[in-house]
Amino acid sequence: MKQLALPFNDAPAYAAEDFCPAPSNELALRWLDSPEGWAAGRLVLWGEPGCGKTHLLHIWAATRGVPVLDGAETLPAALGPLAVDDADLAPDEVALFHLLNTAAEAGQPVLLAARQPPARQTYRLADLASRLRASLAVEIGPPDEALLAALLARLEAERQMQLAPPVRNLLLNRLPRAPWALREAMARLDRAALDRGARVTVGVATALLADLEQYGSKSHREAID
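Residues numbered from 1 in each chain as written. Predicted model: local features only at pLDDT ≥ 70, side-chain atom pairs only at ≥ 80, totals over all residues. Heavy atoms only, no water.

## Observations concerning the overall build of the protein
A count of helical and extended segments in the protein gives nine helices and five strands. Sequence-distant contacts, at least 24 apart, represent 70% of the contacts inside the protein between residues at least 6 apart. Of the roughly 11,300 Å² of accessible surface on the protein, 53% is carried by carbon and sulfur atoms. (Helix = DSSP H or I, 4+ residues; strand = E, 2+ residues; numbered from the N terminus. Contact = heavy atoms within 4.5 Å. Areas by Shrake-Rupley, 256 points an atom, 1.4 Å probe, with all protein chains shown as cover.)

## Some thoughts on the packing of aromatic side chains
Throughout the structure, instances matching the rule amount to one aromatic pair. Relative to Trp60, the ring of Trp38 has its centre 5.5 Å away and its plane inclined at 35°; by these criteria the two rings are tilted. On the criterion of sequence distance, the pair formed by Trp38 in the loop between α1 (26–32) and β1 (42–46) and Trp60 in helix α2 (residues 53–64) is long-range, its members being 22 residues apart. Across the pair, Trp60 and Trp38 agree in class, each one buried. (Phe/Tyr/Trp six-rings, centres within 6.5 Å; stacked < 30°, edge-to-face > 60°. Buried < 20%, exposed > 50% of the residue type's maximum accessible area, 1.4 Å probe, protein only.)

## Regarding helix α5 (residues 145–158)
Helix length check: α5 (14 residues) gives 20 Å between terminal C-alpha atoms against 20 Å at 1.5 Å per residue, within 8%. Against the buried residues of α5 lie α6 (165–174) and α7 (179–196). Once α5 finishes, Gln160 follows within two positions and takes phi at roughly 55°, a positive value. (Expected span 1.5 Å × (residues − 1).)

## Points about the pairing of β1
Extensive coverage of β1 is indicated by the burial of five of its five residues. Burial along β1 is two-sided: Arg42, Val44 and Trp46 facing one way and Leu43 and Leu45 facing the other are all buried. As paired strands, β1 and strand β4 (residues 110–114) are joined by five bridges and run parallel to one another. Bridge pairing in β4 places Arg42 opposite Val110. Sheet topology places β1 next to strand β5 (residues 136–139); four bridges connect them, and they run parallel. Bridge pairing in β5 links Leu43 to Leu136. (Pairing = 2+ DSSP bridges.)

These results come straight from atomic positions and should not be treated as a statement about function.
Have a look at this one:
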């Protein structure tokens, strides 16, 4: 079977109704509702790519009208509460340090997302490392079976697809146990169904999984976190 080409330029929509609460993110959800309890006014959500930390960061920011900054890009000067994604990838550590200081002086909360907890991050700027290690850090764990099944059902609904039970079981049992893998698989299956003009079969799904096992580069997983 030929490679299933897929455009990856669809920006994810981080709607609150699309987030699936689960034991893996229960602690993070509780702390997001209590910013007054954040150590030094900062909360760092951390976990592997695809765990949902960026989704939660966007939900928190949208609820409070807070700007979301991309830590991997140039950080602007900002006042008030902040949400910083990819905080551990900040190329300008001085800019991030000043943002944290400005928010702390104004008594404003800052929510950050990262792949590692502050204690494991390596910053050249000692003062920045100190600030972040003084923050509250909460891990979002990998998704469990119930969460992955719920996500797959949601992806089916979003794409108006109805997978046969054998295909659904194949995806849940064979794919890497991460949301990014389900999203990637469903996008490819959707494309295959459109190309073929027919429902996805176990054979198509099996061929897709064989390719997907070699897929999932670090850069792509991080892009759809």
